[in-house]
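# Structural characterization, general
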Amino acid sequence: MSEQIVIKSHKGPYTVFFNNDLLVEPEQLLAGTPHFLIDSRVAHLYRQQLGAILDHPHVIAITATEENKSIGRIIPIIEQLVANKIRRDHVLVAIGGGILQDITCFIASTLLRGIPWKFVPTTLLAQADSCIGSKSSINLGPTKNILGTFNPPNEIFICQSFLDTLEAKEVLSGVGEIIKVHAIEGKEAFDSLARDYDRLLHDRATLLHYIHAALRIKQRFIEVDEFDRGVRNIFNYGHSFGHAIESATDFSVPHGIAVAMGMDMANRISVLRGWLPERQFERMHGVLLKNHALFSKTPIPMDLFMGALMKDKKNTATKLVLILPHGEETRIERVQVDGDELFRRQCERFLQDLSRSVMA
Ligand code: NAD
């Protein structure tokens, strides 16, 4: 086992282990009385390596879809855990990406008023970003992430071998969140990532460097504002727009890619409102576009997009609450804007310019 990161939380410290031997030595996951919730695709792809886990009597395989992350679909999983006689001194173990994380974290917070849980993130997005920070987010019908809790896992095991089987779009999705964290860190961090962008897609050591860096940056914010009441808010940069893009496209755009497109849109809206110099938009646009280009032509119905944006849980009763960049330093700040006709036209203009530039 190599480096570890210890994160402070309201539940006490928890550790991120970087353990690339996990697939050959899964003992750490079999200790105590575990109940496994595993992404069915991961179970299939790693059938051989995860044999000792998959042969365990308490394994529930779940297909990682947004529908399965809804409150209604979680009830049968809880029923199964109860039928398997789960107790408070047992441990839930999630193996999968953000969807398995959200489902397990939510159940671990509420079932029997709290059960310890461990997480083995298998996507880049979960390894570089979502695995720390305590949040669970569950959908209610079509409304994304409206239910949730703050409940970090007791241990996280990052095993980079899982990245070998990710589809290209899932790698890009994880990179989208890595870009976001570096944008929040500042111009220097963002520009250095932009320079390394092509290399990190093909070189595992470079990617691992950025997974560490992203977790370290996020750690600083979640340790002072775990419950997202203050400074941590800026981690929602690109997210209001991103969630609206996901929702308006029926989740055909992967989360981190929608966030990259959302950051690009946030930057354009800041320029149109005179808050961000055009050259700062251009400085960031190149790498953001590289990240979301595969999906830049996806039609985004404006009414569905605006409807989803208006429902964002950060909004006040009368205003949209957005995270937008400001000034030469591209400071990422929380602002309130009217969701009026002007705002709609500015969003539309970004999307039109985007489809023109990708067609050209
Ligand atoms: P995911 O869980 O949606 O999985 C994406 C796809 O990758 C699925 O088809 C899955 O089966 C597959 N997959 C997973 N691991 C694989 C592997 N090793 N090899 C091949 N395929 C694999 O992926 P995600 O992007 O990690 O998660 C997105 C979800 O996470 C969204 O629902 C989002 O809202 C949520 N999220 C939560 C937080 C949080 O803090 N709780 C933060 C960000 C995102």
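Note that the structure is predicted; figures quoted are calculated from it, not measured. (Residues numbered from 1 in each chain as written. Predicted model: local features only at pLDDT ≥ 70, side-chain atom pairs only at ≥ 80, totals over all residues. Heavy atoms only, no water.)

### Re the overall build of the chain
When its secondary structure is counted, the chain shows 14 helices and 11 strands. Taken against the 2.2 N^0.38 rule, which gives 21 Å for 360 residues, the C-alpha radius of gyration of the chain at 20 Å falls within 12% of a compact globule. Within the chain, the fraction of its 360 residues that count as buried is 57%. In the chain, once contacts between residues fewer than 6 apart in sequence are set aside, the share between residues at least 24 apart is 72%. Total accessible area on the chain stands at roughly 15,200 Å², and carbon and sulfur atoms take up 53% of it. Taking the 40 positively charged and 42 negatively charged side chains of the chain as two groups, their mean positions are separated by 4 Å. (Helix = DSSP H or I, 4+ residues; strand = E, 2+ residues; numbered from the N terminus. Rg over C-alpha atoms; globule rule 2.2 N^0.38 Å. Buried < 20%, exposed > 50% of the residue type's maximum accessible area, 1.4 Å probe, protein only. Contact = heavy atoms within 4.5 Å. Areas by Shrake-Rupley, 256 points an atom, 1.4 Å probe, with all protein chains shown as cover. Lys, Arg positive; Asp, Glu negative; His and termini not counted. Charge placed at Lys NZ, Arg CZ, Asp CG, Glu CD.)

### Details of the pairing of strand β1 (residues 4-7)
Along β1, the buried face is formed by Ile5 and Ile7; none of Gln4 and Val6, which line the opposite face, is buried. Pairing of β1 with strand β2 (residues 14-18), which is carried by 4 bridges, proceeds in the antiparallel orientation. Across the sheet, the residue bridging to Ile5 is Val16, located in β2. Remark: 6 residues form the turn of the hairpin made by β1 and β2, two consecutive strands paired antiparallel; Gly12 in that turn has positive phi of roughly 105°. (Pairing = 2+ DSSP bridges.)

### A closer look at the site of the ligand
Of all residues adjacent to the ligand, which total 25 residues, the nearest are Glu66, Gly98, Asp102, Thr123 and Lys144. A distance of 3.5 Å separates an oxygen atom of the ligand from a polar atom in the side chain of Asn145. Within the backbone of Phe162, a nitrogen or oxygen atom sits 2.9 Å from a nitrogen atom of the ligand. When the free accessible area of the ligand is taken as 880 Å², the share hidden by the protein chains comes to 90%. Counting only elements with at least two residues in the shell around the ligand, the list comes to α2 (40-45), α5 (98-110), α6 (124-130) and β8 (143-150). It is α5 that provides the largest number of residues to the shell around the ligand, a total of 4 residues. (Near = heavy atom within 4 Å. Polar contact = N/O pair within 3.5 Å; in protein donor to acceptor, adjacent residues only side chain to side chain.)

### Things to note about the sheet that holds β2
Strand order in the open sheet formed by 7 strands is β1-β2-β9-β6-β5-β3-β4, and the pairing between neighbours is mixed. A single partner strand is all that each edge strand has here, and the edge strands are β1 and β4 (59-62). Going across the sheet, the axis of each strand differs from the next one's by a mean of 15°, ignoring polarity. As paired strands, strand β5 (residues 91-96) and strand β6 (residues 117-121) are joined by 5 bridges and run parallel to one another. When the bridges of β6 are listed, Ala94 appears paired with Phe119. In the packing of helix α4 (residues 71-83) onto the sheet, the strands contacted are β3 (34-39), β4 and β5, and the crossing angle to β4 comes to about 170°. Strands in contact with helix α9 (residues 204-224) are β1, β2 and β9 (155-158); relative to β1, the strand with the most contacts, it is inclined by about 15°. (Axes fitted to C-alpha atoms, helices over the stretch in contact; angles between N-to-C directions.)

### Re the pattern of salt bridges
Side-chain pairing between opposite charges can occur once the charged atoms of the two side chains come close. Summed over all chains, the structure comprises 20 salt bridges. Ionic pairing is found between Glu155 and Lys118, a salt bridge with its closest N-O pair at 3.7 Å. Taken as a pair, Glu155 in strand β9 and Lys118 in strand β6 lie far apart in primary sequence, 37 residues in all. Residue Asp129 is joined to Lys218 by a salt bridge in which the shortest nitrogen-to-oxygen separation is 3.4 Å. Taken together, the positions of Asp129 in helix α6 and Lys218 in helix α9 put the pair 89 residues apart, joining distant regions of the chain. Taking the relative accessible area as the measure of exposure, Lys218 reaches 6% and is therefore buried. Residues participating in the shared-partner salt-bridge network are Glu66, Lys144 and Glu246. (Salt bridge = Lys/Arg side-chain N within 4 Å of Asp/Glu carboxyl O.)

### Regarding the environment of Gly242
In this structure, Gly242 sits in helix α10 (residues 239-248). Given a relative accessible area of 1%, Gly242 falls into the buried group. Each C-alpha atom, one on Gly242 and one on Leu112, is 34 Å from the other, the two residues being 130 residues apart in sequence. Setting aside its immediate chain neighbours within four residues, Gly242 contacts Ala258, Val259 and Gly262.

### Focus: helix α11 (residues 255-272)
With 18 residues, α11 should reach 26 Å at 1.5 Å per residue; the first-to-last C-alpha distance of 25 Å fits that figure. α11 sits mainly inside the fold: 16 of its 18 residues count as buried. Once α11 ends, the next one or two residues include Gly274, with phi positive near 80°. (Expected span 1.5 Å × (residues − 1).)

In short, shape yes, function no, at least from these values alone.
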